[in-house]
Amino acid sequence: MTTKTIIITGGAGFIGSHVVRLFVTKYPGYKIVNLDALTYAGNLENLKDIEMSSNYIFEKVNLLDTEELERIFTQYNPDGVIHLAAESHVDRSILSPLDFVFTNVVGTVNLLNAAKKHWGDDKSTKLFYHVSTDEVYGALGDTGFFTEETPYDPHSPYSASKAASDHFVRAYYDTYELPVVITNCSNNYGPYHFPEKLIPLFINNIINKKPLPVYGDGLYTRDWLFVKDHAIAIDLVFHKGKVGDTYNIGGFNEWRNIDLVKLVCTQMDEKLGRENGESEKLITYVKDRPGHDRRYAIDATKINKELGWKPSVTFEEGLSQTIDWYLQNEEWLKGVTSGAYQHYYEGMYAQR
Ligand code: NAD
Ligand code: DAU
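Below: a short report on this structure. These figures come from a predicted structure and were not determined experimentally. (Residues numbered from 1 in each chain as written. Chains lettered and ligands numbered in written order. Predicted model: local features only at pLDDT ≥ 70, side-chain atom pairs only at ≥ 80, totals over all residues. Heavy atoms only, no water.)

1. Examining the overall build of the protein
Looking only at helices and strands, the protein has 12 helices and 12 strands in total. Taken over C-alpha atoms, the radius of gyration comes to 20 Å for the protein, in line with the 20 Å a tight globule of 352 residues would show. With the principal axes as the frame, the protein shows a C-alpha extent of 65 × 45 × 40 Å. Here the protein, with 352 residues, has 56% of them falling under the buried criterion. Across the protein, contacts joining residues at least 24 apart in sequence account for 82% of those joining residues at least 6 apart. In the form shown here, the protein has an accessible surface area of approximately 14,900 Å², with 51% of it arising from carbon and sulfur atoms. Charged side chains in the protein number 35 positive and 47 negative. The centres of these two groups are separated by 1 Å. (Helix = DSSP H or I, 4+ residues; strand = E, 2+ residues; numbered from the N terminus. Rg over C-alpha atoms; globule rule 2.2 N^0.38 Å. Buried < 20%, exposed > 50% of the residue type's maximum accessible area, 1.4 Å probe, protein only. Contact = heavy atoms within 4.5 Å. Areas by Shrake-Rupley, 256 points an atom, 1.4 Å probe, with all protein chains shown as cover. Lys, Arg positive; Asp, Glu negative; His and termini not counted. Charge placed at Lys NZ, Arg CZ, Asp CG, Glu CD.)

2. Some remarks on the site of ligand 1
As a structural note, the neighbourhood of ligand 1 is formed by 28 residues, with Ile 15, Asp 36, Ser 88, Tyr 158 and Lys 162 the closest of them. Phe 14 is positioned such that a nitrogen or oxygen atom in its backbone is 3.0 Å from an oxygen atom of ligand 1. A distance of 3.0 Å is found between an oxygen atom of ligand 1 and a backbone nitrogen or oxygen belonging to Leu 84. Relative to its unbound accessible area of 840 Å², ligand 1 is 96% covered by the protein chains. Secondary structure elements with two or more residues in the shell around ligand 1: α1 (14–26), β5 (127–133), α5 (157–176) and β7 (187–189). Considering every element that reaches the shell around ligand 1, the biggest residue donor is β5, with three residues. (Near = heavy atom within 4 Å. Polar contact = N/O pair within 3.5 Å; in protein donor to acceptor, adjacent residues only side chain to side chain.)

3. Let's talk about the packing of helix α4 (residues 97–119) against α5
The description of two packed helices rests on the angle between their axes and on the distance between the axes. The geometry of α4 relative to α5 is characterised by a closest axis approach of 8 Å and an angle of 15° between their N-to-C directions. Taken as axis vectors, α4 and α5 run roughly parallel relative to one another. Judged by the twist between their axes, the crossing of α4 over α5 is right-handed. Contacts from Pro 97, Phe 100, Asn 104, Val 105, Thr 108, Val 109, Leu 112, Asn 113 and Lys 116 in α4 reach Pro 157, Tyr 158, Ser 161, Lys 162, Ala 164, Ser 165, Phe 168, Val 169, Tyr 172 and Tyr 176 in α5. (Axes fitted to C-alpha atoms, helices over the stretch in contact; angles between N-to-C directions. Parallel < 35°, antiparallel > 145°, perpendicular 65-115°, else oblique. Left-handed = near helix turned anticlockwise from the far one by under 90°.)

4. Topic: the packing of helix α2 (residues 66–76) against α4
Axis separation between α2 and α4 bottoms out at 10 Å; the angle between their running directions is 40°. Put simply, α2 runs oblique to α4. Taken as a pair, α2 and α4 cross one another with a handedness that is right-handed. Here α2 contributes Thr 66, Leu 69, Glu 70, Phe 73 and Thr 74 to the contact with α4, which in turn contributes Asn 110, Leu 111, Ala 114, Ala 115, Lys 117, His 118 and Trp 119. Here the residues of the contact of α2 with α4 are counted per class, giving six nonpolar, four polar and two charged. (Nonpolar A, V, L, I, M, F, W, Y, C, P; charged D, E, K, R; others polar.)

5. Structural notes on the nonpolar core
Core analysis: the largest hydrophobic core is formed by 80 residues, its most contacted members being Ile 8, Phe 23, Ile 82, Ile 303 and Phe 315. Ignoring any residue separated from it by four or fewer positions in sequence, one finds Ile 8 in contact with Val 19, Val 20, Phe 23, Ile 32, Val 33, Asn 34, Leu 35, Ile 82 and Leu 84. Grouped together as the second largest cluster of nonpolar side chains are 23 residues, Ile 7, Ile 72, Trp 119 and Leu 178 included. (Core = buried A, V, L, I, M, F, W, Y, C linked by side-chain atoms within 4.5 Å.)

6. A word on helix α12 (residues 340–350)
Where α12 is concerned, the buried positions are Tyr 341, Tyr 344, Tyr 345, Met 348 and Tyr 349. Considered in projection along α12, the buried side chains sweep an arc of 105° and stay on one side of the axis. Of the exposed residues in α12, those oriented more than 90 degrees away from the buried face are Ala 340, His 343, Glu 346 and Ala 350. (Arc of directions from axis to C-beta.)

7. Some points on the sheet that holds β7
Read from one edge to the other, the open sheet built from three strands follows the order β7-β9-β11, with strand pairing classed as mixed. At either margin of the open sheet sits one strand with a lone partner, and together these are β7 and β11 (254–256). Going across the sheet, the axis of each strand differs from the next one's by a mean of 50°, ignoring polarity. In this sheet, strand β9 (residues 221–226) lies alongside β7 in parallel orientation, the contact comprising three bridges. Bridged to Asn 187 within β9 is Trp 224. (Pairing = 2+ DSSP bridges.)

Set out below in structure tokens:
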């Protein structure tokens, strides 16, 4: 059995928890160290089903704590890092940009420094995998796709901080020959998604018959991917990706926000036994997000051709599974929407 020790940062978050689960269950010979500061977005409940696995370890560490990073690298001597920890919500980045600079930029550089120092000259078998976003490429018009060659053009403090972190990762490859790989993925959805993001927020509001705040004209377009398919892509790139390369990951699945919201409403009415059209009445157009990117769409040809990856579920199936999960996990939803969440929600949507 192959053995490896891998540090996964942000493993208590939405995507990170799916990646941790996949690696812990698929690779019993690996030691998986989940490094996470447990911010508002980090939740160990996301990993309840695997937390007792003998190949899983949790370390509550903040990326800004360089001494702790030093300890982690010395203690575990990792073969690889899969870096997902980040501040991830665009609206929060508009309210508080510096938090994004600290975690996404400084935190990433701290992690790169720890890897560089610890791996030294013995790095040929190591890998620093940085998980990034399609938002670094900016906004598309009605046509076209983001490829790996699309120039960076970020517009929000979030995407600017992710772009900066991507540049640092590439700089460490060019300057110090640190073995790195980067993936830029489109919008994820699925179980354990924090209800500040469009899909889980609207599922929660429909359950509670609260308004569905659609920004601007609702014609903004995103390319949606089921989170488990993203985790599978990360597994493939980690094991088979070319060092120094970038891979775009996307769902081949573009939806205008308003059409997506209507689909969520229809599926929810059916599942909740409500009259068809009842949830759509909750749709409320509100003030737009500043700097709102009109359209994102990923060309995922490279990862498809080179590594054979493609999404495994249709959007209708993935959305249906996601809604079922939220309906069956009301306690989880109640837990994450109490306290600080209420404060955020009231502040954010009072301004609109
Ligand atoms: P998330 O907000 O759900 O989780 C982020 C995790 O990082 C949390 O567990 C949090 O506690 C942890 N964290 C935050 N700051 C930290 C710090 N200073 N030190 C240590 N841990 C810290 O995020 P997500 O949606 O799962 O996104 C994960 C990664 O994937 C991010 O890098 C994001 O930019 C990228 N990404 C997300 C999407 C998406 O649709 N959600 C799409 C493409 C790329
Ligand atoms: O594209 C990848 C990115 O997708 C990730 O890098 C980010 O971490 C992730 O948060 C996500 O960013 P978005 O800004 O696209 O996701 P969000 O769910 O916040 O918004 C999706 C769309 O829905 C966007 O056009 C804004 C709109 N929206 C969002 C919210 C929260 C609304 O109309 N109303 C809302 O209340």
